[in-house]
Amino acid sequence: MEFSEEKYKDSMVIFVCERGLTSKGLASYYRSMGIKAYSLENGFEGYKNIIKSK
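Heads up: these notes are all about the structure in this document. None of these values were measured; they are calculated from a predicted model. (Residues numbered from 1 in each chain as written. Predicted model: local features only at pLDDT ≥ 70, side-chain atom pairs only at ≥ 80, totals over all residues. Heavy atoms only, no water.)

In this section: helix 2 (residues 21-32). Taking 1.5 Å per residue as the helical rise, helix 2 with its twelve residues ought to reach 16 Å, and the 17 Å between its terminal C-alpha atoms agrees with that figure. Among the residues of helix 2, those classed as buried are Ser23, Ala27 and Tyr30. For helix 2, the arc enclosing every buried residue in end-on projection is 70°, short of the 170-degree limit, so these residues lie on one face. For helix 2, exposure combined with an orientation more than 90 degrees from the buried face picks out Leu21, Thr22, Lys24 and Ser32. Buried residues along helix 2 sit in contact with helix 1 (5-8), strand 1 (12-15) and strand 2 (36-39). Looking at the residues trailing helix 2, positive phi occurs at Gly34, about 90°. (Helix = DSSP H or I, 4+ residues; strand = E, 2+ residues; numbered from the N terminus. Expected span 1.5 Å × (residues − 1). Buried < 20%, exposed > 50% of the residue type's maximum accessible area, 1.4 Å probe, protein only. Arc of directions from axis to C-beta. Contact = heavy atoms within 4.5 Å.)

Structure, rendered in structure tokens:
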């Protein structure tokens, strides 16, 4: 999938990956370009652990 900076320049973007490492880097990169970009901390694995603990 290709990400279009122009298309999302006025939006909030949340990147998610398995453990949060790749998405954290991507979010940082796009924030440096002026895009409101975030990453789900600890990715899907962290989210699954939260769900399991409830």
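What follows picks up the thread again.
Once that is clear, we can look at the pairing of strand 1. Side chains Val13 and Phe15 project from strand 1 onto a buried face, and the interleaved Met12 and Ile14 project onto a face without burial. Relative to strand 2, strand 1 runs parallel, the two being bridged by four bridges. Bridging from a neighbouring strand, Val13 pairs with Ala37 of strand 2. Crossover strand 1 to strand 2 through helix 2 is right-handed. (Pairing = 2+ DSSP bridges. Right-handed = clockwise from strand over helix to strand, strands pointing away.)

Here Ser23 shows up in helix 2. According to the relative accessible area criterion, Ser23 is buried, its value standing at 2%. For Ser23, the side chain forms a polar contact with the side chain of Ser39, separated by 2.7 Å. (Polar contact = N/O pair within 3.5 Å; in protein donor to acceptor, adjacent residues only side chain to side chain.)

We describe a pair of aromatic rings using the distance from one ring centre to the other and the angle between the two ring planes. Counted by the stated rule, this structure contains two aromatic pairs. For the pair Phe15 and Tyr30, a centre-to-centre distance of 5.6 Å together with 20° between the ring planes defines the contact as stacked. Here Phe15, found in strand 1, pairs with Tyr30, found in helix 2; they are 15 residues apart in sequence, far enough to count as distant. Each member of the pair, Phe15 as well as Tyr30, carries the same accessibility label: buried. Centroid distance Tyr29 to Tyr30: 4.9 Å. Interplanar angle 80°. Geometry classified as edge-to-face. Among the residues examined, Tyr29 registers a relative accessible area of 44% and is labelled partly exposed. (Phe/Tyr/Trp six-rings, centres within 6.5 Å; stacked < 30°, edge-to-face > 60°.)

Function cannot be inferred from these measures alone, as they are strictly geometric.
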